[in-house]
Amino acid sequence: LTSAPLIDFFSTMGWREKAKRAKKLHRPSLKNWECGGLFEIFPGYVEKVLKSDGIKSKSHSLEQAIPVMLDVNNLSAQDFWDQYEDKRIPCVIANIPNCCPAKSGCDPRKWPALRRWDPERMMDDPDIRSRLFKVGEDDDGKSIKLKMKHFLRYMQETRDDSPLYVFDSAFDEDKYAKRILEDYEVPGFFNEDLFHLVGERRRPPYRWFLIGPQRSGTTIHEDPLSTSAWNTLISGKKRWVLFPPHVPKHVAKGRGLIWKDEDDEAIHYFMNILPRIKNRAEASGGAGDHEGFECYEFTQSAGETVFIPHGWWHAVLNLTDTVGVTQNYCSSRNFNDVWVKTRGGRKKMAYKWLCQLDVHYPDLGKRARFLNRRDNFVMKYHPDEVKKREREEERKKRRKREAKEADREKKRSTKRDRRERQRDPVGSGAMLVSSYADVDNMKQPDYNGRQHESRAVSP
């Protein structure tokens, strides 16, 4: 009587309950994840978006269509660095996972990810299916995780407006899931990774394994510490929007354009908020905060790699179920901006990094010190500064000890005076009588204006 249908029933209940718990932890205030009915209307939005893909926006400042469409077979690493990365021009590079020629600096073989990262294969992959992957964060910033097999069932069945999204940077810490690192290779265009000098333990998160159900995504943001990023899509389609660095943050985020029943989830941003941002920019006539306003929308397809230069605001929406990988990096070409952000945001790491730069990249070490002098920036963890703070701390402690000792001495003195008065009450009384006598013996004026001595009369 037991068999497959019953086992499948309990299996279904397992993933449903775990997904329900994950959603409650991720967005505890949202009781109904399907309240917007976006599952029903999303296909129409996707159809409209894909029809508009042939229209490319030309940059006023860069004098070319953004993003620039490239093919790995016709592009050398040096050409990419000189023509695009140095100039902070977003690109879409085709065919990196399929065929990476030697001149681009890549291994010419195909990525194993093309075969292994198919959702059906991952469901049966012994290294992946039972491992936990991050699908969100709770209100305290703690990671919320689901087993891969449960998440893939959720992805197949979900009707949520904005579904959970595997966005995991810790897979390399799992002894089985770290095999994902063998499934892809960092393209030669992006292999200068200066943060590796501080070690994996100390550096900030920088690479993510991505599995996104349709309607999931990441809302508008700028990559941390002014790093650049590359994002390779193995399967599916993603919708992107980019804003150049000169567009103010509040404009890109649509501040003041989010209605009461909306939030900043990616699907709401793309379907509702972004059209309002563009309408307001057009209505402004390019005045005020919208002076020089530019934004660029495009669709990324499987096999394409998007390059996002540092400082560009961007958001992503999964038009279909997608699987991909992304990494942030610092190279010698974006080093200046990364250094300025890192020295202020990751002070201890910045000094360790500078010491390693002095050894391995002395020119960059000199450049970092020049930037510090230019900005009158003092590094908190430089040994001289550490000693200075230690001396100041010791002075503060000494002053505190002296103040406490003075306070204790004052209390001891008060107690001594009190004990003396208690031991010699007669002496105290005599002193009091004597003081009365002194007052009585003072010369007092008589009624005629003369002074006379008043004498104490014995009783």
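Keep in mind that this is a model prediction, so the values were computed, not measured.

Rules used in this analysis
- Residues numbered from 1 in each chain as written.
- Predicted model: local features only at pLDDT ≥ 70, side-chain atom pairs only at ≥ 80, totals over all residues.
- Heavy atoms only, no water.
- Salt bridge = Lys/Arg side-chain N within 4 Å of Asp/Glu carboxyl O.
- Helix = DSSP H or I, 4+ residues; strand = E, 2+ residues; numbered from the N terminus.
- Buried < 20%, exposed > 50% of the residue type's maximum accessible area, 1.4 Å probe, protein only.
- Pairing = 2+ DSSP bridges.
- Right-handed = clockwise from strand over helix to strand, strands pointing away.
- pLDDT = per-residue confidence, 0-100.
- Contact = heavy atoms within 4.5 Å.
- Axes fitted to C-alpha atoms, helices over the stretch in contact; angles between N-to-C directions.
- Parallel < 35°, antiparallel > 145°, perpendicular 65-115°, else oblique.
- Nonpolar A, V, L, I, M, F, W, Y, C, P; charged D, E, K, R; others polar.

Undergrad: Would you mind showing me how to read the pattern of salt bridges here?
TA: When the charged atoms of two side chains lie near each other, side chains of opposite charge can form a pair. For the structure shown, the criterion picks out 27 salt bridges. A salt bridge links arginine 116 to aspartate 183; its shortest N-O distance comes to 2.5 Å. You can see arginine 116 sitting in helix H4 (residues 113–116) and its partner aspartate 183 sitting in the loop between strand E7 (166–168) and strand E8 (207–212), a full 67 residues away along the chain. Using a relative accessible area of 26% as the deciding quantity, one classes arginine 116 as partly exposed. Taking the relative accessible area as the measure of exposure, aspartate 183 reaches 0% and is therefore buried. As a salt-bridge pair, arginine 239 and glutamate 297 come within 4.0 Å of each other at their nearest N and O atoms. Remark: glutamate 297 occurs in strand E12 (residues 296–301) and arginine 239 occurs in strand E11 (residues 237–243); sequence separation between them is 58 residues. The buried category is assigned to arginine 239, whose relative accessible area is 5%. A cluster of three or more residues bridged by salt bridges with shared partners is formed by Arg116, Asp125, Asp127, Arg179 and Asp183.

Undergrad: Explain the pairing of strand E3 (residues 68–71) to me, please; I cannot follow it from the model alone.
TA: Within a regular strand, the side chains alternate between the two sheet faces. In E3, alternate side chains face the same way, and those of Val68 and Leu70 are buried while those of Met69 and Asp71 on the opposite face are not. Bridging between E3 and strand E4 (residues 91–94) involves four bridges; their strand directions are parallel. When the sheet's bridge partners are listed, aspartate 71 is paired in E4 with alanine 94. Taken together, E3, helix H3 (residues 77–85) and E4 form a β-α-β motif whose crossover is right-handed.

Undergrad: What exactly am I supposed to notice about the confidence of the model for the protein here?
TA: Fine structural detail should not be taken from predicted coordinates in areas where pLDDT scores are low. Mean pLDDT over the protein works out to 86, with 84% of the residues at or above the 70 mark. Here residues 1–10 is a poorly scored stretch, pLDDT under 50, and it has one contact once near neighbours within four places are set aside; other chains count. Of the regions scoring below 50 in pLDDT, residues 452–459 engages in ten contacts with residues more than four places distant in sequence or in other chains.

Undergrad: How should the packing of helix H9 (residues 335–345) against helix H10 (residues 347–360) be read in this particular structure?
TA: Relative placement of two packed helices is described by the angle separating their axes and the distance separating the axes. Two elements in contact, H9 and H10, have axes separated by 6 Å at closest approach and are oriented at 135°. The orientation of H9 relative to H10 falls into the category oblique. In this structure, H9 uses Phe335, Val338, Trp339, Thr342, Arg343, Gly344 and Gly345 to contact H10, whose residues at the interface are Lys347, Met349, Ala350, Trp353, Leu354 and Leu357. A class-by-class count of the residues in the contact of H9 with H10 yields eight nonpolar, three polar and two charged.

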